Amino acid sequence: VFYPKFSDISLLVNLAKHCSTVINVGSTMSLDFANFNTPGLFINYNQPQGFGWSVDVVYRFQHFRSMYGLAPVGWVNSKAEIAEKVKLALDQPDKIGPDRKKWLERIVQPDLHKTASQRIAEAILS
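Computed from a predicted model, the values in this text were never measured in an experiment.

Draft legend 1. Just the packing of aromatic side chains, in detail. Following the criterion strictly, the structure yields five aromatic pairs and no others. Geometrically, the ring pair formed by tyrosine 59 and phenylalanine 64 is edge-to-face, given 5.2 Å between the ring centres and 80° between the ring planes. Comparing tyrosine 59 with phenylalanine 64 shows no difference in burial state: the two are buried. Tyrosine 59 gets classed as buried once you look at its relative accessible area, which sits at 15%. Among the aromatic residues, those joined into a ring-pair cluster are Phe42, Tyr59, Phe64 and Trp75.

Set out below in structure tokens:
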């Protein structure tokens, strides 16, 4: 089992704050970047070698069900679309995943007056 170190989390927060977009396959990093209103792009096509997974499997994971009815990320459906989608994310970020903040709120349900630790303790005690 792998757990990130505090320094890993600091690096991720720094990236999310200073990068203009994030591109990946089905990572919840798009939620991290949504904290800074940064658009996320999801690769939505299989690699030729397979790598033992497919986007069909990845995008059926539980946390993607929370995207229902929202457009929280941009989808890159082929290798040929990468440059176009990245350019759009850089030039017009509101056109990529316009519902990213709604998705973040649906998942995280932030309360700016309480820390995550306080919210966890309250949930355990209730």
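Draft legend 2. Up close: the pairing of strand β2 (residues 40–43). The alternating pattern of β2 places Gly40 and Phe42 and Leu41 and Ile43 on opposite faces, both of which are buried. Handedness of the crossover joining strand β1 (residues 22–24) and β2 through helix α2 (residues 29–34): right-handed. Examined bridge by bridge, β2 and strand β3 (residues 74–76) share three bridges and lie parallel to one another. Counterpart to phenylalanine 42 in the pairing with β3 is tryptophan 75.

Draft legend 3. Representation of the sheet that holds β2. Pairing in this open sheet of three strands is parallel, and the strands run β1-β2-β3 from one edge to the other. The outermost strands of the open sheet, each flanked by one partner alone, are β1 and β3. On average, adjacent strands in this sheet sit at an angle of 25° to one another, irrespective of strand direction.

Draft legend 4. Region of the structure containing the pattern of salt bridges. Inspection of the entire model under this criterion finds four salt bridges. With a shortest N-O distance of 3.5 Å, glutamate 81 and lysine 85 are connected by a salt bridge.

Draft legend 5. Seen up close, the nonpolar core. Ranked by size, the top nonpolar core spans 12 residues in total: Leu31, Ala34, Phe42, Val55, Val58, Tyr59, Phe64, Met67, Leu70, Val73, Trp103 and Leu104. Going through the elements one at a time, α2, α3 (55–58) and α5 (100–108) are the ones with two or more residues in this core. Formed by six residues, the second largest nonpolar core is a distinct cluster that contains Leu41, Ile43, Val76 and Ala89.

Draft legend 6. Molecular detail of the side chain of serine 66. Within the secondary structure, serine 66 sits in the loop between α3 and β3. Given the relative accessible area of 15%, serine 66 is considered buried. Reaching out from serine 66, the side chain makes a polar contact with the side chain of tryptophan 103 at a distance of 2.7 Å. Those residues within four positions of serine 66 in sequence are excluded, and the remaining contacts are Trp103, Arg106 and Ile107.

Draft legend 7. Summary view of a nonpolar patch on the surface. A surface patch of nonpolar side chains, amounting to about 240 Å² of accessible area, comprises Ile9, Val13 and Phe36. Its location among the elements puts phenylalanine 36 in the loop between α2 and β2. Under the relative-accessibility criterion, phenylalanine 36 is labelled partly exposed at 36%.

What counts as what
- Residues numbered from 1 in each chain as written.
- Predicted model: local features only at pLDDT ≥ 70, side-chain atom pairs only at ≥ 80, totals over all residues.
- Heavy atoms only, no water.
- Phe/Tyr/Trp six-rings, centres within 6.5 Å; stacked < 30°, edge-to-face > 60°.
- Buried < 20%, exposed > 50% of the residue type's maximum accessible area, 1.4 Å probe, protein only.
- Helix = DSSP H or I, 4+ residues; strand = E, 2+ residues; numbered from the N terminus.
- Right-handed = clockwise from strand over helix to strand, strands pointing away.
- Pairing = 2+ DSSP bridges.
- Axes fitted to C-alpha atoms, helices over the stretch in contact; angles between N-to-C directions.
- Salt bridge = Lys/Arg side-chain N within 4 Å of Asp/Glu carboxyl O.
- Core = buried A, V, L, I, M, F, W, Y, C linked by side-chain atoms within 4.5 Å.
- Polar contact = N/O pair within 3.5 Å; in protein donor to acceptor, adjacent residues only side chain to side chain.
- Contact = heavy atoms within 4.5 Å.
- Patch = residues over 30% accessible without salt bridge, like charges linked within 9 Å, V, L, I, M, F, W, Y side chains within 5 Å.
- Areas by Shrake-Rupley, 256 points an atom, 1.4 Å probe, with all protein chains shown as cover.

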